[in-house]
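Chain and residue survey
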Amino acid sequence: MNIIAITACPTGVAHTYMAESNLKKAAKKLGLHVLVETQGAVESEYIFSDEDIHQADVVLIAADKKIEMSRFHDKNVIEVPVTRAAKDAEGLLNAIVSGELAPRLVSLGASSTAAPAGNSKHDAGSRSFVSQIYVHLITGVNLMIPFVVAGGILIALSFSFGITAATPGDANFSPIAKMLSDIGGGSAFALMLPILSLGISQSISGKMGIVAGAVGGMMAIHTGSGFLGALIAGFLAGYITLFIINHIHLPKALAGLKPILIVPLLSVLLTGALMALLIGEPIKMLLGGLTDFLNSLGNANSAILGLLFGMMVAFDMGGPLNKTVCMFAIGLMSSGIYGPIAACMAAGMVPPLGIALATTLFRRKFTEQERETGKVTYILGLSFITEGAIPYAVADPLRVIPAIVAGSGLAGALSMILGCASRAPHGGIFVIFIPNVISNVMGYLFAIAAGSLLTALILLFLKKDVSVPVKQG
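In this text, all values refer to a predicted model and were calculated from it rather than measured experimentally. (Residues numbered from 1 in each chain as written. Predicted model: local features only at pLDDT ≥ 70, side-chain atom pairs only at ≥ 80, totals over all residues. Heavy atoms only, no water.)

1. Quick word on the overall build of the chain
- When helices and strands are counted, the chain shows 17 helices and nine strands.
- Its C-alpha atoms give the chain a radius of gyration of 24 Å, within 12% of the compact-globule value 23 Å for 473 residues.
- The principal-axis extent of the C-alpha atoms belonging to the chain is close to 70 × 65 × 40 Å.
- For the chain, the residues scored as buried account for 49% of the 473 residues in total.
- Of the contacts made within the chain by residues no fewer than 6 positions apart, 72% connect residues no fewer than 24 positions apart.
- About 21,200 Å² of surface is accessible on the chain, with carbon and sulfur atoms providing 66% of the total.
- Here the chain contributes 29 positively and 27 negatively charged side chains, and the mean placements of these two sets differ by 4 Å. (Helix = DSSP H or I, 4+ residues; strand = E, 2+ residues; numbered from the N terminus. Rg over C-alpha atoms; globule rule 2.2 N^0.38 Å. Buried < 20%, exposed > 50% of the residue type's maximum accessible area, 1.4 Å probe, protein only. Contact = heavy atoms within 4.5 Å. Areas by Shrake-Rupley, 256 points an atom, 1.4 Å probe, with all protein chains shown as cover. Lys, Arg positive; Asp, Glu negative; His and termini not counted. Charge placed at Lys NZ, Arg CZ, Asp CG, Glu CD.)

2. Thoughts on unusual backbone geometry
- Phi is positive for F384, close to 65°, though the residue is something other than glycine.
- Relative to the helices and strands, F384 is located in the loop between α14 (368-382) and α15 (390-395).

3. Observations concerning the state of the cysteines
- According to the stated counting rule, one finds zero disulfides in the structure shown.
- The thiol of C326 is unpaired, and the distance to the nearest cysteine sulfur, on C344, comes to 4.5 Å.
- Distance from the sulfur of C420, which forms no disulfide, to the nearest cysteine sulfur (C344) is 13 Å.
- On the basis of relative accessibility, which here comes to 3%, the residue C420 falls in the buried class. (Disulfide = S-S within 2.5 Å.)

4. Regarding a nonpolar patch on the surface
- A cluster of nonpolar residues, L250, L254, L257, I260, L261 and L265, forms a patch on the protein surface that exposes about 530 Å² of accessible area.
- In this structure, I260 sits in helix α10 (residues 257-295).
- Among the residues examined, I260 registers a relative accessible area of 65% and is labelled exposed. (Patch = residues over 30% accessible without salt bridge, like charges linked within 9 Å, V, L, I, M, F, W, Y side chains within 5 Å. Salt bridge = Lys/Arg side-chain N within 4 Å of Asp/Glu carboxyl O.)

5. Some details on the pairing of strand β1 (residues 2-8)
- The buried fraction of β1 is high, at six of seven residues.
- Strand direction decides the pairing type here: β1 and strand β2 (residues 33-38), joined by six bridges, are parallel. Pairing of I4 across the sheet is with L35, part of β2.
- Where β1 meets strand β3 (residues 58-63), six bridges bridge the pair, whose relative direction is parallel. Within β3, the position partnered with I3 by the bridge is V58. (Pairing = 2+ DSSP bridges.)

6. What to know about the packing of aromatic side chains
- Counted by the stated rule, this structure contains four aromatic pairs.
- Judged by centre distance (6.3 Å) and plane angle (85°), the rings of F366 and Y392 are edge-to-face. With a gap of 26 residues between them, F366 in the loop between α13 (339-361) and α14 and Y392 in helix α15 connect regions that are remote in the sequence. Exposure class is identical for F366 and Y392. Each is buried.
- Among the aromatic residues, those joined into a cluster by ring pairs are Y46, F48 and F72.
- Lying over the aromatic face of F159, R423 brings its terminal NZ or CZ to 4.9 Å of the ring centre.
- Above the face of the Y338 ring, R423 is positioned so that its terminal group lies 4.6 Å from the ring centre. (Phe/Tyr/Trp six-rings, centres within 6.5 Å; stacked < 30°, edge-to-face > 60°. Lys NZ or Arg CZ within 6 Å of the ring centre and 35° of its normal.)

7. Focus on the environment of A449
- The residue A449 is located in helix α17 (residues 441-462) in this model.
- With relative accessibility at 45%, the residue A449 sits in the partly exposed group.
- Taking the C-alpha atoms as reference, A449 lies 15 Å from A314; in sequence the two are 135 residues apart.

This is the structure we're talking about:
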């Protein structure tokens, strides 16, 4: 059986390439011919040729984002989440060969949202919808992240001239600081909510969803409903646009008006009206109450919040829970609350750092390959790339996941207790070198170090020695 496979995760980093590697290893073990094309952050080493597609018996889509399917017209396609290929590639290939996973025939112009296969029609349908909602959300978040990172770090750089250096008339005013603030905050960061909403809407309804999505995001700004409002606006815009596309049919002579007049006019009107009349004000009130609550937290409650944030950031290592918590913390930055994002960033650094530390201190617990990988994992941790922990968690989830969740929970709690705050939404440890960006730098470093050490110590007690003894030192 000839199988060609596409692997793609929302961030295009860890799961994409783990799935590729594991599929190749499993195919070699099972004696199958499998070609893999990655759609991640780095250009794929192999791109399917027309001949590869023609000769393929099955096209495997292991993805958690939209995949363009037009080149697979009239091919048998099987769709699964990318995590299935990353965690159990051998079982997945066996299920394909045995016929346990039934393919579908792709029609021209189709696109995939990587719906996971179910055991029944009802199960497959319900899980497909949940999977699609997740894909739409992550598509918007991933489109937004570069704006957040670039804008946030430029804002942080403006603070290096002084917290008020971008304010005209202030004693510390600096034209360079104002320029950085205008670019980062007035432009890049200001686009965060419209881009989020636009991305979600486009994922749902294609290019015709861009206009209503962008306007919905702007309405979230105008109504003060913030990140949550923009998220809701994206889904509203997408499904309203899709409904209009599918249910309004014009004569051929007028068909050209649909994409340039009918769809944008109606979708923008309906999305904007719903945001203005129904959605905006309640969400604004909810966010206002949440802001007041967070500002009123004492040390004990701050510790609990930091603990929860830290544990959620670590649990799925860059997955939907991690992204949701971090985006929530970024949304709070617009309300002048900078503690949660600091806690999230500290907690997100701990899983790779703690594991890397364990590979250095407790070498007997890890294979030679894991110890070598640990050297790179240090860099991933310092860069706030939580996905660096995934290879270890996949290999030994029952021991690694509790260790990283505990360590990240401690880091998040300590960060909040010690009053640490970050005016940059990303950048990992490296933002501490920008003056005025991290509040209580020493406390922040202590929180990260303590969480990493706890993770390493838990791994020492939970993990068994590898079968071949390794000399310490």
